[in-house]
Every structure is written in structure tokens, then in C-alpha cells.
Amino acid sequence: MSTERRVHLSRSARPAYDALEVFSKTVGAIAAEAGIDARLRELVLIHASQLNGCPYCVRVHVDRAVAAGLGIDEIAQLAAWRDSGVFSARERAALELAECYVFIHEEGVPDEVYDRVGGILSEQEYVAISWLLVSINAFNRITIAGKYPVPPRGGQTGAGDDPA
């Protein structure tokens, strides 16, 4: 990774970033009112961040997922959610919707996905998860563009480090 200095939008235009944080809190409240619990919220936010390639947001939301009671098995199974048996139909619908929002430029939300997801999620849940995805996609872009660092945690070694 380059050691060049990057502009951090969160510091360089703080009022815009503060507005995005307020937006995120508003979206979180909408999700809570729609019955989206912390488990489902964090699964969706982790998956979108993984697909966008945002290690900073993945770390933030994995930490929040663990605090919300998700286990390592569920978090590890996100990459293979379609073939895994650890997710409910509701969670699968939300994860499929997350993929559509990350890759929205390809097909939008295809009718068959909209119909399938809409057959599982209520309209309020669909709306809430959609807004969560709009929010995380914005945060992912900010942190990816700024190359926000994700150093090893204390006592951990990086993938390419030789601990011996």
C-alpha cells in the first residue's frame, strides 16, 4: 500500500461528513422502527463493505456484529451465504439485496430479486435495508478513497508478517 498522504474527506470537509453521520443515524432509526435488529443490520453492512473492498468498514461492522451477539461462524459464513445453512430466509433476502445495491450499476435491483426479496421482507423492512445500504455505500467510498488504515490489532501479525 502506498504511503502517500491522502485527503481524508471526514476531516477535510467535516460539515459534509457530519451530515452523513446524521443521515446514518436517521437511517438506523428507520431500520429499528422497521424491526431490523442489530444482527441483521450488521450482517448487511459487513457484506456490502466486503463486496466494496472496504477493510476499514468491515472491521467497524464486525466489531459491532460481535457486540450484537453474532458469532464467528455467522461472520465467516458471509462470503458463502448462498450455500450456508446458518442464515434465515430473511437474512438471505437482505444479503441478496445488499449485493444488488453494491452492484447497482450493473442491473439495478432486477425484477426477480425485487419480487423474491419482497416476498420475504415487508415493505418497511425493504425500505429500511435499502437505506442502510445507501448509507454504507457512501461510507465505503469515503474510506476507500482515503485509504483509511487498518493496521493489525495489538499482538496480531499481518498476513504477510513472519511471526517467528
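Read on for an overview of the structure.

Conventions adopted
Residues numbered from 1 in each chain as written. Predicted model: local features only at pLDDT ≥ 70, side-chain atom pairs only at ≥ 80, totals over all residues. Heavy atoms only, no water. Axes fitted to C-alpha atoms, helices over the stretch in contact; angles between N-to-C directions. Helix = DSSP H or I, 4+ residues; strand = E, 2+ residues; numbered from the N terminus. Parallel < 35°, antiparallel > 145°, perpendicular 65-115°, else oblique. Left-handed = near helix turned anticlockwise from the far one by under 90°. Contact = heavy atoms within 4.5 Å. Nonpolar A, V, L, I, M, F, W, Y, C, P; charged D, E, K, R; others polar. Buried < 20%, exposed > 50% of the residue type's maximum accessible area, 1.4 Å probe, protein only. Salt bridge = Lys/Arg side-chain N within 4 Å of Asp/Glu carboxyl O. Polar contact = N/O pair within 3.5 Å; in protein donor to acceptor, adjacent residues only side chain to side chain. Phe/Tyr/Trp six-rings, centres within 6.5 Å; stacked < 30°, edge-to-face > 60°. Core = buried A, V, L, I, M, F, W, Y, C linked by side-chain atoms within 4.5 Å.

## Examining the packing of helix α2 (residues 14–33) against helix α9 (residues 123–145)
Here's step 1: Between α2 and α9, whose axes approach to 9 Å, the crossing angle comes to 155°. When the axes of α2 and α9 are compared, the pair comes out roughly antiparallel. Judged by the sense of rotation from one axis to the other, the crossing of α2 with α9 is left-handed. Along the contact surface, α2 presents Tyr17, Leu20, Glu21, Phe23, Ser24, Val27, Ile30 and Ala31, while α9 presents Ala128, Trp131, Leu132, Val134, Ser135, Ala138, Phe139 and Ile142.
Here's step 2: Grouping the constituent residues of the contact of α2 with α9 by class yields 13 nonpolar, two polar and one charged.

## Quick notes on the side chain of Asn52
Here's step 1: Along the chain, the position of Asn52 falls in helix α3 (residues 38–52).
Here's step 2: A residue is classified by how much of its surface remains accessible, and Asn52, at 18% relative accessible area, is buried.
Here's step 3: When sequence neighbours within four positions are dropped, the list of residues in contact with Asn52 reads Val102, Asn137, Asn140, Arg141 and Ile144.

## A word on the pattern of salt bridges
Here's step 1: One pass over the structure, following the stated rule, counts nine salt bridges.
Here's step 2: Ionic contacts of the salt-bridge type, sharing partners, join the residues Arg14, Asp18 and Glu21 into one network.

## Examining unusual backbone geometry
Here's step 1: For Lys147, which is not glycine, the phi dihedral falls at a positive 50°.
Here's step 2: Along the chain, Lys147 turns up in the segment after α9.
Here's step 3: Accessibility expressed as a relative area gives 31% for Lys147, which makes it partly exposed.

## Observations concerning the packing of α3 against helix α6 (residues 89–102)
Here's step 1: Here α3 crosses α6 at 35°, and the two axes come no closer than 9 Å. Where α3 crosses over α6, the two elements pack in a sense that is right-handed. When α3 is examined against α6, the residues Arg39, Leu40, Leu43, Val44, His47, Ala48, Leu51 and Asn52 are found in contact with a partner set consisting of Arg90, Glu91, Ala94, Leu95, Ala98, Glu99 and Val102.
Here's step 2: For the contact of α3 with α6, the class distribution of residues is nine nonpolar, two polar and four charged.

## As for the environment of Glu125
Here's step 1: In this structure, Glu125 sits in helix α9.
Here's step 2: Taking the C-alpha atoms as reference points, Glu125 and Leu9, 116 residues apart in sequence, are found 31 Å from one another.
Here's step 3: Each residue touching Glu125, except ones within four places of it in the same chain, is listed here: Ala34, Ile36, Arg90 and Ile120.
Here's step 4: There is a polar contact of 2.8 Å between the side chain of Glu125 and the backbone nitrogen of Ser122.

## Quick word on the packing of aromatic side chains
Here's step 1: Under the definition given, this model contains four aromatic pairs.
Here's step 2: Their ring planes at 75° and their centres at 5.7 Å tell us that Phe23 and Trp131 sit as a pair that is edge-to-face. A residue pair is termed long-range when its members are at least 10 positions apart, and Phe23 in helix α2 and Trp131 in helix α9 qualify at 108 residues.
Here's step 3: Residue classification places Phe23 among the partly exposed positions, given a relative accessible area of 27%.
Here's step 4: Overall, the relative accessible area of 39% leaves Trp131 in the partly exposed class.
Here's step 5: Between Tyr114 and Tyr126, the ring centres sit 5.2 Å apart and the planes meet at 75°, which makes this aromatic pair edge-to-face. You can see Tyr114 sitting in helix α8 (residues 111–118) and its partner Tyr126 sitting in helix α9, a full twelve residues away along the chain.

## A short note on the nonpolar core
Here's step 1: Ile36, Val44, Leu97, Val117, Ile129, Leu133 and Ile136 are the most contacted members of the largest nonpolar core, which has 31 residues in total.
Here's step 2: Residue assignment for this core shows that the elements contributing at least two residues are α2, α3, α6, α8 and α9.
Here's step 3: By residue number, the principal contributor to this core is α9, which donates eight residues.
Here's step 4: Apart from residues no more than four positions distant in its own chain, Ile136 is found in contact with Leu45, Ala48, Ser49, Cys57 and His61.
Here's step 5: Residues Leu43, Ala65, Ile75 and Leu95 belong to the second largest nonpolar core, which totals nine residues.

Purely spatial values, then, with no claim about function.
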